[in-house]
Amino acid sequence: MATETSQTKVLEIKDLVTRFYTTDGIVKAVDGVSYDVHAGEIVGVVGESGSGKSVTALSVMRLIPPPGGRIEAGEALLDGEDMLKMSEERVLEVRGAKIAMIFQEPMTSLNPVLTIGRQLTEALETHLGMSREQASNRAGDLLEMVGIPDGRNRLSDYPHQFSGGMRQRVMIAMGLSCEPRLLIADEPTTALDVTIQAQILELMQRLNEELGTAVIIITHNLGVVARYAHWINVMYAGKIVESGPAEKIFKDPRHPYTIGLLSSVPRLDEPRRAKLDPIEGMPPDLMNLPGGCSFRPRCPFAIDRCAEEYPPFELVDGTTDQHKACWVDVTQVSGAHAGSN
């Protein structure tokens, strides 16, 4: 376990702006996102598809594809060093060694013509300077660490010889191979059945606790962040609309979008006859965002001011660590917390 305190910032994202320039218009994918990740912390980033969760992470990793994709403003400080201002050579040194990312679909992320062993040993040889034999031994240890039986004898296998759950474990092993300071998991269990999902998430939590690796989990699954995350950032239309400790977000959400997300999933502590209350409408077109608050067209609590100007992201009254971007005090609205308490 890392000796650092949880107050040590591993990553600081400040006012990040990422755009995609297309023939149809400009997609405002990430629009002024700021958040921190501390040592030993698991941060959940939640929101519907198209909210900017993955693009934020890809921006930090410097994986936005040119020429259409552009990181136009902001900072991403990894241990104080700005990822967005690094040379390409420095990014290649840092990526994998200090920061790593697990992608949604392991079959498209793993190279089908290289053995699992070679895909693991390459980073070990490049970043840690290991010999081929040392890297092979370490790769075998990694496969066994992530729960792949007889891992040493599977190094010569190819990705198609592994199940979906095993391929995802390989991806986690690759991400952890150089013991990075920060691991970003982008929908790491989307394509897996529920049993394998639980195993993968428990594995990531154990590695977080044992190695002290900071983790960002990007997901639309609120059950995942409820169980594993220490801190939650809720994203909508390229912005963070609410953030705070996981316990507070689930117990006392203060943004209408967060309330809507929580009300749209089944709860074991509610009567079986209780109906789900999904959010009406669709996420906005990021090339043609409405004026004022982007959530206003779908918000049951919207007031006139919501159409005029975007609310500031500020502390919730009476708290010291929970923020929201909303003009309305939902605690004053009857029934606002239905399905969230």
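For the structure itself, look to the data block above.
Calculation criteria
- Residues numbered from 1 in each chain as written.
- Predicted model: local features only at pLDDT ≥ 70, side-chain atom pairs only at ≥ 80, totals over all residues.
- Heavy atoms only, no water.
- Pairing = 2+ DSSP bridges.
- Helix = DSSP H or I, 4+ residues; strand = E, 2+ residues; numbered from the N terminus.
- Contact = heavy atoms within 4.5 Å.
- Axes fitted to C-alpha atoms, helices over the stretch in contact; angles between N-to-C directions.
- Phe/Tyr/Trp six-rings, centres within 6.5 Å; stacked < 30°, edge-to-face > 60°.
- Buried < 20%, exposed > 50% of the residue type's maximum accessible area, 1.4 Å probe, protein only.
- Salt bridge = Lys/Arg side-chain N within 4 Å of Asp/Glu carboxyl O.

## Things to note about the sheet that holds strand 8 (residues 214-219)
Point 1. Judged by pairing direction, the sheet is mixed, and its eight strands sit side by side in the order 6-7-8-3-9-10-12-11 without closing on themselves. The outermost strands of the open sheet, each flanked by one partner alone, are strand 6 (99-102) and strand 11 (314-315).
Point 2. Together, strand 3 (42-46), strand 7 (182-186) and strand 8 form the strand contacts of helix 7 (residues 194-211), whose direction differs from that of strand 8 by roughly 155°.

## Side note on the sheet that holds strand 5 (residues 81-82)
Point 1. Strand order in the open sheet formed by four strands is 2-1-4-5, and the pairing between neighbours is antiparallel. The sheet is open, and its two edges are formed by strand 2 (26-38) and strand 5, each paired on a single side.
Point 2. With eight bridges connecting them, strand 1 (residues 9-21) and strand 4 (residues 69-78) associate as antiparallel partners. When the sheet's bridge partners are listed, E12 is paired in strand 4 with L77.

## What to know about the packing of aromatic side chains
Point 1. In the structure shown here, the tally under the stated rule is three aromatic pairs.
Point 2. Taking 4.6 Å as the distance between ring centres and 55° as the angle between the ring planes, the aromatic pair formed by Y236 and Y257 counts as tilted. Of the two residues, Y236 is situated in strand 9 (residues 231-236) and Y257 in helix 10 (residues 256-263); the sequence distance between them amounts to 21 residues. Y257 matches Y236 in its accessibility class, with the two residues each being buried.

## Remarks on helix 1 (residues 53-60)
Point 1. With respect to burial, helix 1 is a largely interior element, seven of its eight residues being buried.
Point 2. Among the residues making up helix 1, those that are buried are K53, S54, V55, T56, A57, S59 and V60.
Point 3. Just past helix 1, the residue R62 takes up positive phi, approximately 60°.

## Let's talk about the pattern of salt bridges
Point 1. For the structure on display, the rule yields 20 salt bridges.
Point 2. Measuring nitrogen to oxygen at the nearest pair gives 3.2 Å for the salt bridge that ties D36 to K9. Taken together, the positions of D36 in strand 2 and K9 in strand 1 put the pair 27 residues apart, joining distant regions of the chain.
Point 3. Assessed through its relative accessible area of 27%, D36 is described here as partly exposed.
Point 4. On the basis of relative accessible area, K9 is assigned to the partly exposed category, the value being 37%.
Point 5. With a closest N to O distance of 3.5 Å, R206 and E210 form a salt bridge. Here R206 pairs with E210, and both are found in helix 7, just four residues apart, close to one helical turn.
Point 6. Note on E210: relative accessible area 42%, which makes it partly exposed.
Point 7. Where salt bridges share partners, they join K9, E12 and D36 into one cluster.

## Regarding the pairing of strand 3
Point 1. Of all five residues in strand 3, five are buried, a share of seventy percent or more.
Point 2. On strand 3, burial covers both faces: I42, G44 and V46 on one face and V43 and V45 on the other are all buried.
Point 3. Here five bridges tie strand 3 to strand 8, and the two strands are oriented parallel to one another. If you follow V43 over to strand 8, its bridge partner there is I216.
Point 4. Sheet topology places strand 3 next to strand 9; four bridges connect them, and they run parallel. By the bridge assignment, V43 is partnered in strand 9 with W231.

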